[in-house]
Amino acid sequence: MRIHHLNCGSLRKIPLLGGERRTGAAPGQLATVCHCLLIETDSDGLVLVDTGLGTADRRDPEGTLGADWVAYAQPARDPEESALQQIIHLGYAPQDVRHIVLTHLHRDHTGGLPDFPRARVHVHPAEYRAVTDPDSPHHQHSLDRFMPAHRAHGPLLTPAVAEDGAQWFGFPGVARPQGLACELLLVPLPGHSAGHSGVAVRDDAGRWLLHAGDAYMYHGEIEQTPPLSHPAFAPVQHGAQTDIEARVATRDRLHALHRDHGDQVTVFSAHDPWELARFTTHAGG
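Residues numbered from 1 in each chain as written. Predicted model: local features only at pLDDT ≥ 70, side-chain atom pairs only at ≥ 80, totals over all residues. Heavy atoms only, no water.

S.K.: Help me understand the state of the cysteines in this model?
M.R.: By definition, a disulfide links the sulfur atoms of two cysteines through a covalent bond. Under the definition given, this model contains zero disulfides. Free cysteine C8: the closest other cysteine sulfur is in C36, separated by 3.8 Å. (Disulfide = S-S within 2.5 Å.)

Below is the structure:
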């Protein structure tokens, strides 16, 4: 099994903080990213974790993503950043992506869904209920965030299966995507969306990667004590969250996971460019 770390959407630039300059980064600004995983498996074909922005989002960003969001997020329009083009450059065809596993159904995570219309799309059952059940307390809010352009093709949205009492490093409510043989789990990380989850995948060496989605947005939040937020991310975190107390509790649990189990688990988030660079600078993608 091989795991690729991809940037599937550069977004607005944010200033470097003092700590980044001390570690050698040039002064100035860095574009935030849409950090996705492409997993080459032996039995399940290609598995894509989050999709970033799709090809249509780059042709008509205001039409597919919404004018207000585009004005704030300032997405790059480079088609080569799409998951589709990066997968083609690796020598694969779009239909080779058989499974897509999503941390949640917000627009900067679902934009590539129309590029892989045959893939089965897995989400945590709580996120599935929020967008499909009108009686869910967060239904309209969740549906508003799952852009019509990203679901117009009728994606094969599938709830993962929660196992009674299943935990992952003490995180409860873990669910397993249906039809996947590789060791991959959806781990609830509540607060950002109604069913927001991290995606945990175990590599061939036995080490876990946890794609934490938008549970936090800057590495200082889980790596420093007390947690250090980036001021540029604060409006996004507060504007998108469904439950501030749950989000802060999730961040604190991830902080403890990094502190206590950093030898077994590598945690990263969706939009931090410094975290992405740790994987791509040395591994070449």
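S.K.: Got a minute to help me understand the sheet that holds strand 1 (residues 2-7) in this structure?
M.R.: With mixed pairing, six strands are arranged side by side in an open sheet as 1-4-5-6-7-8. Across the chains shown, the open sheet's two edge strands, defined by having one partner strand only, are strand 1 and strand 8 (156-159). The mean angle between the axes of side-by-side strands here comes to 25 degrees, regardless of whether they run parallel or antiparallel. Where strand 6 (residues 97-101) and strand 7 (residues 120-123) come together, three bridges link them in parallel fashion. Residue pairing for strand 7: I100 is matched across the bridge by V121. This element, helix 7 (residues 125-132), spans strand 7 and strand 8 of the sheet and lies at about 125 degrees to strand 8. (Pairing = 2+ DSSP bridges. Helix = DSSP H or I, 4+ residues; strand = E, 2+ residues; numbered from the N terminus. Axes fitted to C-alpha atoms, helices over the stretch in contact; angles between N-to-C directions. Contact = heavy atoms within 4.5 Å.)

S.K.: Mind showing me how you'd approach the environment of P61 here?
M.R.: Topologically, P61 is positioned in helix 3 (residues 61-65). P61 sits in the buried class, given a relative accessible area of 4%. Separated by 90 residues in sequence, P61 and R151 place their C-alpha atoms 15 Å apart. For P61, the residues in contact, after removing those within four places along its chain, are A56, G66, V70 and R77. (Buried < 20%, exposed > 50% of the residue type's maximum accessible area, 1.4 Å probe, protein only.)

S.K.: Would you mind showing me how to read the packing of aromatic side chains here?
M.R.: Two numbers describe a pair of aromatic rings. These are the distance of the centres and the angle of the planes. The full count for this structure, using the stated rule, is five aromatic pairs. A centroid spacing of 6.2 Å and a plane angle of 50 degrees characterise the contact between W168 and F171, whose relative ring orientation is tilted. This pair shows no difference in class: W168 is buried, exactly as F171 is. Each ring, one from F268 and one from F279, has its centre 5.3 Å from the other, and the planes form 70 degrees; the classification is edge-to-face. Of this pair, F268 sits in strand 16 (residues 265-268) while F279 sits in helix 13 (residues 273-283), and the two are 11 residues apart along the sequence. Per residue, the accessibility class of F268 equals that of F279, and both read buried. Among the aromatic residues, those joined into a cluster by ring pairs are W168, F169, F171 and W208. (Phe/Tyr/Trp six-rings, centres within 6.5 Å; stacked < 30°, edge-to-face > 60°.)

S.K.: Honestly, helix 7 in this entry has me stumped. Any pointers?
M.R.: For an α-helix, the turn length of 3.6 residues means that residues three or four places apart are oriented alike. When we look at burial in helix 7, the residues that qualify are P125, A126, E127, A130 and V131. The inward-facing, buried residues of helix 7 abut strand 7, helix 8 (139-145), strand 8, strand 9 (161-162) and strand 12 (175-176).

S.K.: Is there a simple way to think about the side chain of S269 in this case?
M.R.: Within the secondary structure layout, S269 lies in the loop between strand 16 and helix 13. Leaving out residues up to four positions away in the same chain, S269 has contacts with H35, H211, A212, G213, Y216, M217 and E275.

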